[in-house]
Every structure is written in C-alpha cells, then in structure tokens.
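Structural features, examined
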Amino acid sequence: MKLTELKGIGPKTEELFAKLGVFSTKDLIRYYPISYDAYDSPRAIGSLYAGMRAAVEGIIAKNVVVRNVKRLTIVTTEISDPGGRLVLTWFNAPFVASLLKKGSRLIFRGSVREKNGRLYMDHPEIFTPEKYGAVENTLVPVYGLTKGLSGKTVTKAVCAALEADSSLLNEYLPETSMHLLGLADEAEAIRNIHFPKTAEDFQKARERLAFDELFLFIMAVRTLKARDEEQPNYWPMKKCWETEELTDALPFELTGAQKRVWREIEGDLSGHKPMSRLIQGDVGSGKTILAFFAMLMCAVNGYQSALMAPTEVLAKQHYEKLCALKEKPGTEKLAPVLLTGSMKAKEKREALQKISSGEANTVIGTHALFQEAVVYKNLALVITDEQHRFGVRQRQAMTEKCDPPHTMVMSATPIPRTLGVIFYGDLDISLVDELPKTRLPIKNAVVDNTFRQKAMRFFAGQLKEGRQIYVICPMIEENESIEAANVTDTAAALRKEFPGVEVGKLHGRMKAEEKDRIMEKFLNGTIRILVSTTVVEVGVDVPNATVMMIENAERFGLAQLHQLRGRVGRGSFQSYCIFMAGEQSEQAKKRLEILRTSDNGFEIAEKDFALRGPGDLLGIRQSGDAMFRIADLTRDAEILKTAGAYAASVMHDDPALIFSEHELLRAEMERYIESYEKTITI
Ligand code: ADP
Ligand code: MG
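Residues numbered from 1 in each chain as written. Chains lettered and ligands numbered in written order. Predicted model: local features only at pLDDT ≥ 70, side-chain atom pairs only at ≥ 80, totals over all residues. Heavy atoms only, no water.

Quick word on the overall build of the protein
Assigned secondary structure in the protein consists of 22 helices and 22 strands. Counted over contacts in the protein with a minimum sequence separation of 6, partners at least 24 positions apart contribute 72%. Of the roughly 30800 Å² of accessible surface on the protein, a fraction of 53% belongs to carbon and sulfur atoms. (Helix = DSSP H or I, 4+ residues; strand = E, 2+ residues; numbered from the N terminus. Contact = heavy atoms within 4.5 Å. Areas by Shrake-Rupley, 256 points an atom, 1.4 Å probe, with all protein chains shown as cover.)

Quick look at the structure:
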C-alpha cells in the first residue's frame, strides 16, 4: 500500500518518508523506533538534577511573564513545591501563557538544567494531572527523523498503517512451533515494538522480531547451501610461488595468525570442493592482505576474483592499496579494476568491458559488482569484506550467473565460534586472533562535557603535529526528541574553534559521490577533522589519524565503539580515543569503563552482553544499512541458538517446505530470498 493512501499523508510527507527509506506501509511498520521515551511518575522538585529528563508536578507560584527580545517571544514562570522552585521557559510559543495560571497545579516534562544554583526547564511539555495520568508509565516511541518530519507524524502514520493494512501482519510460523518456542505472535510483536505498554511488552516484541531476522537468515543460508552442496571445485588452483614473493616484499612480517589462515585459504582454493570460508578477526588484525593473497593466487592461475566492500569509500581504499602492491615483486599478473555505483557512465563502461574480456582479473567494488550488466569471463572467487552487512544476497546473485565461485567472507564482528557455526551454517571459520606487534596501544579516556575545553586544546596540539582527527556523533541533524550531538552542529562548532582548519562532514544520507569526495580529502590529508556518523565504522584505514572522539558514547553499543576506535592506532603514531559521555548514569560509566580497560573485541562483546542484560531498552539500532535491524549477534546469543535449532529441525523434517503447515513459511522464505536479490540489483 502506498503511504499517500493513509489518512493524513500527502505527497509532501511521502517525500520526507522517502528520505528515510520508507516507501510503503510495509516499510513503515518495519521502521522501528530507535528508542522510547518513558513517561515516569512525576517527581518532586527537590529530587531533580541537571541533565535529567523528568516530569515534575508543581503549583504555579508566579504570574506568567511574556517578553519580546529581538524576534523572540519568551514566556517564563516558576513552579514550587515544598522541596524547591523550578523556572520554566518557552521560546516563541506565546500561546502557552494562556495555559498557565498562578495557583494552578500542573505537570511539566522536559530536560533539567542548572545555572548559578537554580534549576531550569526549557520548553517543557505541559499536562493537566488528568492528562498526564493517561500517559503515565507508558513508553512513547522515538523515531529517527528528518528535517520537516516530526515524531508525531511518524507515530500517527504507523498507527494508520497498522489499522488500514491488516495484510501486513501475517503470521508465518506454524502455531504449534510458535508456542513451543515461546514466541509472541507476529502481529502483536509489530504493534508492541512501536507502542509497548510495558518494558515486558517491548522485550517480547523485540525477541520475536530478532528471532524472525535470525531465523530467516539462517534458513536462507541453509537453503542456498543445500542447493550447491556436493559440487566439485569448479575453479581448481595450484599453489603458487608469487604469494611467497609478495610476503617477503611486504614492509612488515605477517603475524602467526595471518600465516596460519593463509595456509587454510590456499588449501581450500587448491582443494576438491568450492571454498566457503569465514575469516574472522578483530579490527586491525590485518585481514585485507589475506584477501589480496587469495586474489593474487587466482590471477596467477588465470582466473578472475572479486572483492566486495560495503561502502564506496572502503572499496576505493582497497583498490588503491592493491594498486600500490603492484609495485612489489610477485604481483605482475594482477590486473586490478574498480567498479562502483557512482562511477561515470564512461568509466563504468570501460570497467565492464575489461571485466568481460578478462583484461582485468582482480575486481574491487561495492555491490555494483553483481548487477545485471556485469559479465565476468571466469570469476573463480568472491570475497566479501565486513560480511554482516551483506549476508546471503551476493551468494544467490552469483550462483545464477555461472559456475559457483569460491566464497570468502571477512568479518570483524566478534561472535563466539560456536554461535558463528549456527549463524553461517557450515562455512569454515578461520580466526585471525593476533594483532600485529608493531602497534602502540591506543590511549583511552572516558570523560564528560567538563573535559571539552581540554579536549579542544588536545586537538590543537595534535593538529599542530600534522595529525588528523575523527569526531563521531550519533545523529546527523537536530532531532526534537533526542538530545544527542549531531554532525551538522558539531562540525559548525569545530570550524569556529579551529579557523583555517578544514573540517569535513560525512554521513549516511549523503550521496555516494559526495561521501567519496569527502573521504578522499580525509585520506589525502586536506580535511583535518572529520565529523561523521558511524559510516566510518567499517574498515577505513587512515594511518595519519590519531584521535577518535565519540560524542554521546553511551548511545552506542560497545562492539560498535570498539570498531570505531579501531579507526585510529593504525600507523606508527601514538593514538587516542576519547569517549565523551553525555549521560552520567553509573551504568553508562561502567560500560564505557570496559572499553577503557580492554582492547579485545570478543572480550568486550561478552562483558557488554553480561552488563546490559536482557532488560535494556535502547537496543534498537539507528543505522539503516546493517544486516539486521533488531537482532544483535553479540547480545542475542540465546535467540540465535533457538533460531538455529528451529531452522535445523525444519530443514531436517521438511527441507523443501512442502508440508501444509509450512506453506506460509515457504512464501515468507521466497519473499526473503527475492528481496535480497532485489537489493543487489538496485
Ligand atoms: P582489518 O583486519 O581491520 O581489515 P587491515 O587489513 O585494514 O585490518 O589492516 C590494518 C593495517 O595493518 C593496515 O594498514 C595493514 O597494512 C597493516 N598490517 C596488516 N598486517 C600487518 C602485520 N602483520 N604487521 C604490521 N602491519 C600490518
Ligand atoms: Mg577490514
């Protein structure tokens, strides 16, 4: 159903939704909240402190004052209770004055700040006690927004979609299985993920939707795997001398883990069946060079290979690194080419021609690599970098075109091996579990806003030494309902602080070309400070960048923070990571403390999971490009096990899904696999 068929949504709103990647009611109900606003019981003024968001009940103690300052209308008043006083201020909302009468008892909800020992609340929401009673103890969804689109509009639209289009809420699991697995019903889960009445509702909904994501993924992997089981090695290769030559010419010695994993890869490629191997290794463990070795082995054996990166930035960087390797001995046979979606038509045509003729044998790119127009001459190996962003889609797309190539996926997601086996089916798993010895450990600091001045002085020092800096913010632009640093304002502030220093902005809503241009300028050192959302999280390598500052660090998962931190400490300079905590809670501090004391991704993931426990509400991701929207491999181990076991039993009893109880599941699977194919051919 189109969005404009919903009541209250016109073409303008439709356009705004499109910016968020929401094009239909189906997308809309899957546009999950990024967090929830809890309407807790009102507090006494005496229990308020600066920085908290709260509802407070009080009697209006003063006449309301309305002033006009320049073009601003300012309304102020004060409430009191036996424990103290609180000053309330509204800007450009003169109509609130009529709601506020001296002596009346009202409830106000907003963020508390402190100045010269007095407490203030700016722009609080106003409720009568009755009205507040109606929302008290509920959770109100907070959505990722874009300029011009309010949380209220999204909320209304979601409500309308749920009401208008009942076909969206079909249950596909057999009822008995659903009960056995202890899962909530699909329709209930969708409703409750948007509008949970209690934390328990939310938890149940989250569990069900995470199960769906994991189960369907596992089923798809198994189904595709079953299709290409027991095949021969279509692309047999001989081990070659050239990789050894290149190893000797590298400016560093391979770690023990790299050497071991390379033997495994080499063994697969020269073995009797197609390779399908997962290479897991922490950020900075040096996975890329292993991919290059494998590609070199293909080239020497007269075949093509393709390396697919999740972003254009990363694809380009891989390509440039590979081109640089061409200077070294052993690499004569490598003929690299880059292929990305944003390339000009002419460049693309040339690249395509080189790929189909075989003139290029080492192809690097984004998922543009697997569009219709790309015809390979003899593609023997497909490598996917940062696998969790892709999942099964490219495997499917690939196998339909030619003899199935060897596949190798590289991931820095620290999931324990046992879970990895469930997740990736019987992919072989190699661990690159050792970091190069030449690295200086990163120095970490967990600080709050009071440290900002010092941080700026520290930035100045690093800039003077010629280094570069990353600043990461959770949001792209200001959002009325979430108080967190955003890229736009942060970049503006830094420009002011460091005049003459080029500050760049990077985020997921920018066009690929624009992103490329910015990243290019950061790579070549023109941009000195890069303010970004987590789009830089994946794999980018700028050795000259030595400072990573993360705003509102408490808003990110620890695994993600660890990935972000991995962007620095890549060269020979001492590097630093500053976790700026916007929230002062003990819990937030404890979590960040884990990062300060550990640099092991697996350990961090485990500790984070233990600490967050299942009661955590802020478990929904913001970024739209992750493989899963809700499921989180590091914290949903239990759900993953359940989903894995259930998938195994279904595949055992009814692999083709022909029983009538699996009819709806089969349809869902077909849709799932098809939608991945679509994603790949966009
Ligand atoms: P990741 O595993 O996160 O993808 P990369 O492959 O990007 O890591 O490697 C990070 C950096 O470490 C690169 O600059 C790479 O050249 C370098 N590197 C790789 N292997 C070694 C090694 N054995 N010793 C020193 N540096 C290495
Ligand atoms: Mg990498």
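Quick notes on the site of ligand 1
The environment of ligand 1 is formed by 18 residues, the closest being E253, G284, K287, T288 and R439. Q258 is positioned such that a nitrogen or oxygen atom in its side chain is 2.9 Å from a nitrogen atom of ligand 1. Within the contact set of ligand 1, an oxygen atom lies 2.6 Å away from a backbone nitrogen or oxygen of G284. For ligand 1, whose accessible area on its own is 560 Å², the fraction buried by protein is 87%. Its residues assigned to classes, the shell around ligand 1 comprises 4 nonpolar, 7 polar and 7 charged. (Near = heavy atom within 4 Å. Polar contact = N/O pair within 3.5 Å; in protein donor to acceptor, adjacent residues only side chain to side chain. Nonpolar A, V, L, I, M, F, W, Y, C, P; charged D, E, K, R; others polar.)

Comments concerning helix α21 (residues 637–653)
Counted at 1.5 Å a residue, the expected span for α21 with its 17 residues is 24 Å, and the 24 Å between its end C-alpha atoms agrees. Taken together, the buried positions of α21 are A637, I639, L640, A643, G644, Y646, A647, V650 and M651. (Expected span 1.5 Å × (residues − 1). Buried < 20%, exposed > 50% of the residue type's maximum accessible area, 1.4 Å probe, protein only.)

Overview of unusual backbone geometry
Despite not being glycine, H123 has its phi angle at roughly 55°, a positive value. The residue H123 is located in the loop between β7 (118–122) and β8 (125–127) in this model. A relative accessible area of 42% places H123 in the partly exposed class. Phi at L657 is positive, roughly 55°, even though this residue is not glycine. As for its position among the elements, L657 is in the loop between α21 and α22 (663–681). Among the residues examined, L657 registers a relative accessible area of 6% and is labelled buried.

Description of the sheet that holds strand β10 (residues 276–281)
Overall, parallel pairing links the 7 strands, which are arranged β12-β13-β11-β14-β15-β10-β16 in an open sheet. Because the sheet does not close on itself, it has two edges, and the strands there are β12 (336–339) and β16 (428–432). Going across the sheet, the axis of each strand differs from the next one's by a mean of 20°, ignoring polarity. Inspection of the sheet shows β10 paired to β16 by 5 bridges, in the parallel sense. When the sheet's bridge partners are listed, R277 is paired in β16 with D428. (Pairing = 2+ DSSP bridges. Axes fitted to C-alpha atoms, helices over the stretch in contact; angles between N-to-C directions.)

A few points about the packing of aromatic side chains
In this structure the tally under the stated criterion is 14 aromatic pairs. Aromatic pair F211 and F215: ring centres 5.4 Å apart, planes at 10°, arrangement stacked. A residue pair is termed a helical-turn pair when its members lie 3 or 4 positions apart in one helix, as F211 and F215 do in helix α7 (residues 199–227) at 4 residues. With relative accessibility at 0%, the residue F215 sits in the buried group. Between R109 and the ring centre of Y39, over which it is positioned, the NZ or CZ distance is 3.8 Å. Stacked on the ring of Y120, the Lys or Arg R113 has its end atom at 4.7 Å from the ring centre. (Phe/Tyr/Trp six-rings, centres within 6.5 Å; stacked < 30°, edge-to-face > 60°. Lys NZ or Arg CZ within 6 Å of the ring centre and 35° of its normal.)

Description of the nonpolar core
As a rule of thumb, soluble globular proteins bury nonpolar side chains together. Judged by nonpolar contacts, the single largest core of 70 residues is most densely connected at I265, L290, I383, M408, Y470, I550 and L561. Per element, the largest residue contribution to this core is 11 residues, and it comes from helix α10 (residues 288–300). With residues near it in sequence (within four places) discarded, I383 still touches A291, A294, M295, A306, L307, M308, M408 and M410. Core analysis: the next-biggest nonpolar cluster, separate from the first, contains 60 residues, L20, A187, I218 and M669 among them. (Core = buried A, V, L, I, M, F, W, Y, C linked by side-chain atoms within 4.5 Å.)

Examining the pattern of salt bridges
Considering all chains together, one arrives at 27 salt bridges under this definition. Between E186 and R208 there is a salt bridge, and its shortest N-O distance comes to 3.0 Å. With a gap of 22 residues between them, E186 in helix α6 (residues 186–194) and R208 in helix α7 connect regions that are remote in the sequence. Since its relative accessible area comes to 3%, E186 is described here as buried. Its relative accessible area of 0% is what places R208 among the buried residues. (Salt bridge = Lys/Arg side-chain N within 4 Å of Asp/Glu carboxyl O.)

Comments concerning the side chain of E171
Along the polypeptide, E171 turns up in the loop between α4 (151–164) and α5 (175–181). Polar contacts involving the side chain of E171 include one to the main-chain amide nitrogen of E186, which spans 2.7 Å. In this structure the side chain of E171 is engaged in a polar contact, spanning 3.0 Å, whose partner is the side chain of R208. Other than its neighbours up to four places away in sequence, E171 contacts M178, D185, E186, R208 and L664.

Observations concerning helix α12 (residues 345–357)
With 13 residues, α12 should reach 18 Å at 1.5 Å per residue; the first-to-last C-alpha distance of 18 Å fits that figure. Those residues of α12 that sit buried are A351, L352 and I355. Taken around the axis of α12, the buried residues stretch over an arc of 100°, which confines them to a single face. In α12, the exposed positions that point more than 90 degrees away from the buried face belong to K346 and R349. Lining the buried residues of α12 we find β11 (304–308), β12 and β13 (362–365). (Arc of directions from axis to C-beta.)

A few points about the sheet that holds strand β22 (residues 576–581)
Backbone-to-backbone hydrogen bonds pair the strands of a sheet. The strands run either parallel or antiparallel. Here we have 6 strands laid out as an open sheet, ordered β17-β22-β21-β18-β20-β19, and parallel in their pairing. With one partner strand each, in any of the chains shown, β17 (443–448) and β19 (503–506) form the two edges of the open sheet. Neighbouring strand axes in the sheet, compared pairwise and without regard to direction, differ in orientation by 20° on average. The strands touched by helix α16 (residues 487–497) are β18 (468–472), β19 and β20 (529–532); relative to β19, the strand with the most contacts, the crossing angle is about 175°.

Structural notes on the pairing of β19
Sheet analysis places β19 next to β20, joined by 4 bridges and oriented parallel. Opposite K505, over in β20, you have V531 as the bridge partner. As a crossover connection, the stretch from β19 through helix α17 (residues 512–523) into β20 is right-handed. (Right-handed = clockwise from strand over helix to strand, strands pointing away.)

Points about the confidence of the model for the protein
Across the protein, the average pLDDT comes to 85, with 89% of residues at 70 or higher. Element-level pLDDT for the protein is lowest in helix α13 (residues 393–399), with a mean of 47, against a maximum mean of 97 in α10. Taken as a whole, residues 389–396 scores under 50 in pLDDT and shows 39 contacts with residues more than four places along the chain or in a different chain. (pLDDT = per-residue confidence, 0-100.)

Examining the packing of helix α8 (residues 242–249) against α10
Close contact between α8 and α10 brings their axes to 9 Å; oriented N to C, the two are set at 140°. In terms of axis orientation, α8 runs oblique to α10. Helix-helix and strand crossings are classified by hand; for α8 and α10 the assignment is right-handed. Mapping the contact onto sequence places E242, T243, L246 and T247 in α8 and F293, L296 and V300 in α10. (Parallel < 35°, antiparallel > 145°, perpendicular 65-115°, else oblique. Left-handed = near helix turned anticlockwise from the far one by under 90°.)

Overview of the environment of R565
When you line up the elements, R565 lands in helix α18 (residues 558–565). Judged by its relative accessible area of 3%, R565 is buried. Once the C-alpha coordinates of R565 and V547 are considered, the two residues, 18 residues apart in sequence, prove to be 9.0 Å apart.

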